[in-house]
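The lines below spell out each chain.
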Amino acid sequence: PEIEENKQEVNLPEGFETLVTSRPNENNPAYRYLISRGLIQDDINRWKIGYVRHGFWGGRIIVPSFNESGDLNYFVGRSYENHYRKYMAPRVNKNIIFNELYVDWDDDVILVEGVFDAFKAGNAVPILGSTLSEDSRLLRKIVKNDTPVFVALDWDAEKKAKKLLRLLMEYGVELYKINTQGIEDIGAITKQQFLELKKTASIINFDSYILYEMKNFM
């Protein structure tokens, strides 16, 4: 059975200002940061991105997450002013599907680490830096919908990718691995470059997983 959604009250941080607009403000430092990371206004509008100027969340891009009912259930704050802590998030339950409202379960889903990776990957879900557990809402949703999955974690997270692949494989998920070797950060490449990477993805089954494990972990 599908795991019930954890109902929790989440509010956008005080001072949140939206960047969703039809007229980009090129003088806004938050906007300029997003453009420098390869986003365009359509991306900003799709992900409902905003920012906070001052206070506890000041100097951070805010990327909200909405559940399948359209309610805010999480957000990620990313510094655009070189804070020591690049990322911050509210202290709430993370057993969510980030931006579930916009996920197409009838298409293949790409699992990535963070939100800036997801911006480049299309129908993607960031796993928020952690692997999945067997009771995760995301895993249950994938299995329920029989959704093909592409795993695309950064190369420095190969051990994490190994655990993730094994878990998904045990549940009979149609599974592919995108080779990110030589790419420091998926969020730093273009959408087109990611699409080209996706075309070279390897199918993962028990036989290919054993070969993959031997190659990468001997």
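Above this text is the structure in question.
Keep in mind the model is a prediction, meaning the values are calculated, not measured.

**Student:** Sorry, what's going on with unusual backbone geometry here?
**Tutor:** Backbone geometry follows two general trends: most residues other than glycine have a negative phi, and most peptide bonds adopt the trans configuration. Of note in the backbone geometry, Asn-99 takes a positive phi value of approximately 55° without being a glycine. Here Asn-99 shows up in the loop between β5 (87-88) and β6 (109-112). Residue Asp-146 is not a glycine yet carries a positive backbone phi of 50°. Structurally, Asp-146 can be placed in the loop between α4 (137-145) and β8 (149-151).

**Student:** How do you make sense of the sheet that holds strand β1 (residues 16-18) when you look at a structure like this?
**Tutor:** Remark on secondary structure: sheet strands pair via backbone hydrogen bonds, oriented parallel or antiparallel. With antiparallel pairing, 5 strands are arranged side by side in an open sheet as β1-β2-β3-β4-β5. Across the chains shown, the open sheet's two edge strands, defined by having one partner strand only, are β1 and β5. Inspection of the sheet shows β1 paired to strand β2 (residues 50-52) by 3 bridges, in the antiparallel sense. Note that in β2 the partner of Thr-18 across the bridge is Gly-50. Across the sheet, helix α1 (residues 29-36) is in contact with β2, β3 (60-66) and β4 (72-79); its angle to β3 comes to roughly 75°.

**Student:** Where do I start with the nonpolar core in this structure?
**Tutor:** The nonpolar side chains of soluble globular proteins are, as a tendency, buried together. Membership of the largest hydrophobic core comes to 35 residues, with the highest contact counts inside it found for Leu-34, Ile-49 and Phe-98. Of all the secondary structure elements, the ones that give two or more residues to this core are α1, β3, β4, β6, α3 (115-121) and α6 (191-199). If one sorts the elements of this core by residue count, α3 sits on top with 5 residues. Those residues in contact with Ile-49, other than ones at most four positions away along the chain, are Thr-18, Leu-19, Val-20, Leu-34, Leu-39, Asp-43, Ile-44, Ile-61, Ile-62, Val-63, Pro-64 and Phe-119. Membership of the second largest hydrophobic core comes to 24 residues, among which are Ile-127, Leu-138, Val-151 and Met-169.

What counts, and at which threshold
Per chain, residue numbering runs from 1 following the sequence as it is written. pLDDT decides what is reported in this predicted model: residues at 70 or higher carry local features, side-chain atom pairs at 80 or more are listed and counted, and totals for whole chains, interfaces and linings draw on all residues regardless. Excluded from the side-chain calculations are hydrogens and water; all other atoms, namely the structure's heavy atoms, are used. Each helix is a run of DSSP H or I of at least 4 residues and each strand a run of E of at least 2, with the numbering of both proceeding from the N terminus. A pair of strands is treated as paired once DSSP finds two or more bridges between them. Note on definitions: a residue-residue contact is assigned when non-hydrogen atoms from the two residues lie within 4.5 Å. Where helices are involved, their axes are fitted lines through C-alpha atoms of the stretch in contact, as for all axes, and angles between N-to-C directions lie from 0 to 180°. What makes a nonpolar core is a set of buried Ala, Val, Leu, Ile, Met, Phe, Trp, Tyr and Cys residues whose side-chain atoms join them at distances within 4.5 Å. Each residue is assigned to one of three classes by its accessible area relative to the maximum for its type, calculated with a 1.4 Å probe on protein chains only: buried under 20%, partly exposed between the two thresholds, exposed over 50%.

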